[in-house]
Amino acid sequence: MGEEGTEGTVHLLCLAASSGVPLFCRSSRDGAPARQQLPFSVIGSLNGVHMFGQNLDVQLSSARTKDTTVVWKSFHDSITLIVLSSEEGTSELRLERLLQMVFGAMEALSGFADAAGTAFISLVVSGRVVAATESWWRLGTPEAVLLPWLLGSLPPQAARDYPVYLPHGSPTVPHRLLTLTLLPGLELCLLCGPRPPLSELDPQLLERWWQPLLDPLRACLPLGSRALPAGFPLHTDILGLLLLHLELKRCLFTVEPSGDKEPSPEQRRRLLRSFYTLVTATHFPPEPGQQEEKVEDAAHQAQVPRACYLVSGTEEPGTGWRLVALQLGPRRLLLLLSAQSPTHGLRGLATHTLHALTPLL
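Residues numbered from 1 in each chain as written. Predicted model: local features only at pLDDT ≥ 70, side-chain atom pairs only at ≥ 80, totals over all residues. Heavy atoms only, no water.

(A) Layout of the pairing of strand β15 (residues 321-328). Taking burial as the measure, the eight residues of β15 include six buried ones, the bulk of the element. Strand direction decides the pairing type here: strand β14 (residues 307-312) and β15, joined by six bridges, are antiparallel. When the bridges of β15 are listed, Ser312 appears paired with Trp321. As paired strands, β15 and strand β16 (residues 331-337) are joined by seven bridges and run antiparallel to one another. Across the sheet, Val324 pairs through a bridge with Leu335, a residue of β16. Adjacent in sequence and paired antiparallel, β15 and β16 are bridged by two residues, among which Gly329 carries a positive phi angle near 60°. (Buried < 20%, exposed > 50% of the residue type's maximum accessible area, 1.4 Å probe, protein only. Helix = DSSP H or I, 4+ residues; strand = E, 2+ residues; numbered from the N terminus. Pairing = 2+ DSSP bridges.)

(B) Structural view of the sheet that holds β15. Taken together, five strands build an open sheet; the order of strands is β13-β12-β16-β15-β14 and the sheet is antiparallel. Unpaired on one side and paired on the other, β13 (250-254) and β14 mark the two borders of the sheet. Ignoring which end each strand starts from, the neighbouring axes of this sheet average 10° apart. Across the sheet, helix α9 (residues 346-357) is in contact with β12 (238-245), β13, β14, β15 and β16; its angle to β16 comes to roughly 125°. (Axes fitted to C-alpha atoms, helices over the stretch in contact; angles between N-to-C directions. Contact = heavy atoms within 4.5 Å.)

(C) Spotlight on helix α4 (residues 141-153). The terminal C-alpha atoms of α4 lie 19 Å apart, and with 13 residues this matches the ideal 18 Å at 1.5 Å per residue to within 8%. For α4, every residue scored as buried is listed here: Glu143, Leu147, Pro148 and Leu151. Within α4, the buried residues cover an arc of 115° as seen down the axis, which keeps them to one side. Exposed side of α4, more than 90 degrees from the buried face: Trp149, Gly152 and Ser153 are the residues found there. (Expected span 1.5 Å × (residues − 1). Arc of directions from axis to C-beta.)

Written out as structure tokens, the structure reads:
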């Protein structure tokens with residue numbers, strides 16, 4: 001089952017228990033997300049052998065080949081999680097615990113949402129939404145941007161009950177933004193109406209849903225403002241990046257992939273923000289949901305650029321900051337690069353970086 005060059009690779013599969021339809025697949029290599037995915041035939045075989053055993057009243061929980069460990073686990077006769085690991089020294093117990101934590105994280109947001117009586121719940125780390133219910137992701141663009149900014153502007157508190165107006169969804173009637181600090185730097189956020197009262201979100205309710213997940217959540221906090229997994233293969237010339245998924249309306253943003261270079265993080269943020277405004281207004285087509293100007297003919301539409309770059313300062317070698325934008329399908333990537341990065345290699349570097357970031361968003 002192992003393949004050449006897959007040392008240290010982990011594949012996580014989630015399938016519908018009854019039909020075997022894949023719900024999602026994730027892969028990582030040496031702790032960093034990887035683009036390598038298992039062929040559908042392999043996924044089908046892994047699920048098929050598990051279902052074959054169930055039909056014979058045999059519970060297949062794990063298996064080993066020369067270089068790969070596989071663990072299956074079904075939950076509530078609803079979904080089946082499968083993990084394959086070629087990492088050295090991996091045990092079945094460790095992989096089974098991984099599957100239990102994955103399922104726990106899948107249940108926690110939706111389960112807590114049901115218990116709290118609201119469909120709009122998110123986890124925010126250092127001002128970034130890292131996980132949310134489907135209803136939260138469907139919030140309009142103003143709300144999706146402004147709510148995390150609001151949280152970042154408020155002083156730390158154990159709990160809050162804050163009135164908010166939603167520019168797109170409810171500009172005249174206030175909603176309530178409830179926040180609960182699970183760990184320093186990690187907040188649970190609820191957007192709701194008159195109910196529930198903050199007093200009803202008692203410690204027992206929080207402990208039931210979130211206590212089992214605190215350890216893996218705590219492990220995510222060191223990512224901080226870098227927003228990328230440790231060891232992620234990012235080119236050393238990159239000073240900041242903004243990756244947008246236009247269909248999902250989600251983004252990945254950092255100005256601190258390496259904090260020991262000029263310009264300062266605040267300057268990097270201003271440069272990327274100005275570049276985003278420029279390319280969105282003059283180069284790329286409008287984002288979904290925005291009012292689009294009438295296109296006169298198909299030939300004009302075909303001429304819409306898919307990449308552009310800007311040099312802030314002079315183009316002399318070793319001077320000025322390089323900014324490059326690239327759009328492939330629903331993803332748009334903006335990079336801020338050091339002065340040493342040659343202009344003739346900007347598009348190639350952006351393309352390589354976009355492919356590397358694709359598993360994350």
